[in-house]
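Notes for the structure review
Listed below, chain by chain, are the residues.
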Amino acid sequence: MSGPVLNRRQAVALGAAAAASGLTGIAHADETPMRLQVTFPPGGSTDIAARIIQPRLSELAARPVIVENRPGAASQIATQYVAKSTPDGNTLLVSFDTHAINPIAKSRLPYDTFKDFVGVTLAVRFPLVIGANPQAVQGKDLRDFLKEAKANPGKFSYASTGLGSMNHLVMEDIKRRANTFVLHVPFGGGGPAVQAVLGNVATLTLLSYAALRGQITAGKIKPLAVTGAKRLPELPDVPTVAECGFPGFEAYSWIGIFAPSATPAATVQRLTREFQGTLQTPEIRSKLVQSGFEVVGSDGPALDKHTHQEYERWLKFVKETGLKLED
């Protein structure tokens, strides 16, 4: 999906506007487009966020912005593609939380997560919504469901977006705290996981509100809890996991923008300004919030720090539990 192609007069006008707002060093419209490599198929959280910010980002960068989906291998295909791309700021990774988890989940990766990339911005974060097939789950929230699961061992299952995904780890953490068994059924993305719940192949799944909103609104998926520190404004009657008997619990998926590590520092800083300007635009912020995202818009070093912190958190969890993350 391409962003708008600007003529030279439009580019000059946008460049002047961007300079006035502090966005200096903006590329011209006749330069190579910025290509955002999304690690999952269309319809997932990363794709939704990328396409929300795409038009405004194209305006501030004064050049086309193209969203390209390169799904597969738990984000490895798109990630490797960006790692090996020319470090000129034209090819960027729109990465999910798998960026921090893959070094734990995969015994071998075709890139080095911490050496081959440099952060541009932690764009957004969002809690997961635990959504269930309403015909399969009688209770009104997660607390009720876990009681039912404990009373009926082996009856229920949950669909994740793959072994070692954030929703896999989060549900395993909840299961451990509740001392309850729920069968894990991994799928290749959020879309298949939703279809599994709709078809009652799996009882529930854990995805962003953006990915579940349509089905929740239609009454086809029942939200049981959210994994953030507070309730979602869009789901005011749905409790947090902490409110369901697990004080202090919180977990967020997140989307970060990364460039190849050899990208010049000045180029990375320019990209950061462009993304921050986009995320700070009221219209874009509103659309993201309405889709269940919390806008962060950090600088690059903050994203790199966050990635390391997430890696350490889940590495500790996996070591403590002996959780198997590979086939």
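Residues numbered from 1 in each chain as written. Predicted model: local features only at pLDDT ≥ 70, side-chain atom pairs only at ≥ 80, totals over all residues. Heavy atoms only, no water.

What follows is about the sheet that holds strand 10 (residues 252-260). Hydrogen bonds between backbone groups are what pair the strands of a sheet, and the pairing can be parallel or antiparallel. The six strands lie next to each other as 2-1-3-10-4-11, forming an open sheet whose pairing is mixed. A strand with exactly one partner marks an edge of an open sheet, and here the two such strands are strand 2 (65-69) and strand 11 (294-295). Pairing between strand 4 (residues 117-127) and strand 10: nine bridges, direction antiparallel. Its bridge partner being in strand 10, Leu122 is matched across the sheet by Gly256. (Pairing = 2+ DSSP bridges. Helix = DSSP H or I, 4+ residues; strand = E, 2+ residues; numbered from the N terminus.)

Reading across the sheet, the five strands line up as 7-6-8-5-9 and stay open at both edges, with mixed pairing between neighbours. Two strands lie at the open edges of the sheet, namely strand 7 (183-186) and strand 9 (222-226), each paired on one side alone. Pairs of neighbouring strands in the sheet enclose a mean axial angle of 30°, with direction left out of account. With two bridges connecting them, strand 6 (residues 157-160) and strand 8 (residues 204-207) associate as parallel partners. Of the residues in strand 8, the one forming a bridge with Ala159 is Thr205. Across the face of the sheet, helix 6 (residues 166-178) comes into contact with strand 5 (129-132), strand 6, strand 7 and strand 8 while running at roughly 150° to strand 6. The sheet contacts of helix 7 (residues 190-198) involve strand 5, strand 6 and strand 8, and relative to strand 8 the element is tilted by about 150°. (Axes fitted to C-alpha atoms, helices over the stretch in contact; angles between N-to-C directions. Contact = heavy atoms within 4.5 Å.)

Time to look at the packing of helix 6 against helix 11 (residues 300-321). Packing of helix 6 against helix 11 leaves a shortest axis separation of 12 Å and a crossing angle of 50°. Comparing the axis directions of helix 6 and helix 11 gives the class oblique. The handedness of the crossing between helix 6 and helix 11 comes out as left-handed. Two secondary-structure elements touch here, helix 6 through Met166, Leu169, Val170, Glu172, Asp173 and Arg176 and helix 11 through Glu310, Arg313, Trp314, Phe317, Val318, Glu320 and Thr321. (Parallel < 35°, antiparallel > 145°, perpendicular 65-115°, else oblique. Left-handed = near helix turned anticlockwise from the far one by under 90°.)

Inspection of the secondary structure assignment puts Ser75 in the loop between strand 2 and helix 3 (76-83). Among the residues examined, Ser75 registers a relative accessible area of 1% and is labelled buried. (Buried < 20%, exposed > 50% of the residue type's maximum accessible area, 1.4 Å probe, protein only.)

In the structure shown here, the tally under the stated rule is 15 salt bridges. In this structure, the salt-bridge partner of Arg35 is Glu68, at a minimum N-O distance of 2.6 Å. With Arg35 in strand 1 (residues 34-38) and Glu68 in strand 2, this pair connects stretches of sequence that are 33 residues apart. When its relative accessible area of 28% is taken as the criterion, Arg35 is described as partly exposed. Close ionic contact of Glu320 with Arg176 constitutes a salt bridge, the shortest N to O distance being 3.4 Å. Pair noted here: Glu320 is in helix 11 and Arg176 is in helix 6, with a separation of 144 residues, a long-range link. Classification of Glu320 as partly exposed rests on a relative accessible area of 48%. Taken together, the salt bridges that share partners define one network made up of Asp173, Arg176, Arg177 and Glu320. (Salt bridge = Lys/Arg side-chain N within 4 Å of Asp/Glu carboxyl O.)

In strand 5, alternate side chains face the same way, and those of Val129 and Gly131 on one face and Ile130 and Ala132 on the other are all buried. In terms of strand pairing, strand 5 meets strand 8 through four bridges, oriented antiparallel. Each residue of the ladder has a partner; that of Ile130, found in strand 8, is Leu206. The pairing of strand 5 with strand 9 spans four bridges and is classified as antiparallel. Residue pairing in the sheet places Gly131 in a bridge with Pro223 of strand 9.

For the rest of this paragraph, the subject is the packing of helix 5 (residues 142-151) against helix 6. Helix 6 packs onto helix 5 with a crossing angle of 65° between their chain directions and a minimal axis gap of 11 Å. Considering the angle they form, helix 5 stands roughly perpendicular to helix 6. When the axes of helix 5 and helix 6 are compared, the crossing they make is right-handed. Residues Leu142, Phe145, Leu146 and Lys150 of helix 5 form the contact with helix 6, whose participating residues are Met171, Ile174 and Ala178. Its residues placed into classes, the contact of helix 5 with helix 6 shows six nonpolar, no polar and one charged. (Nonpolar A, V, L, I, M, F, W, Y, C, P; charged D, E, K, R; others polar.)

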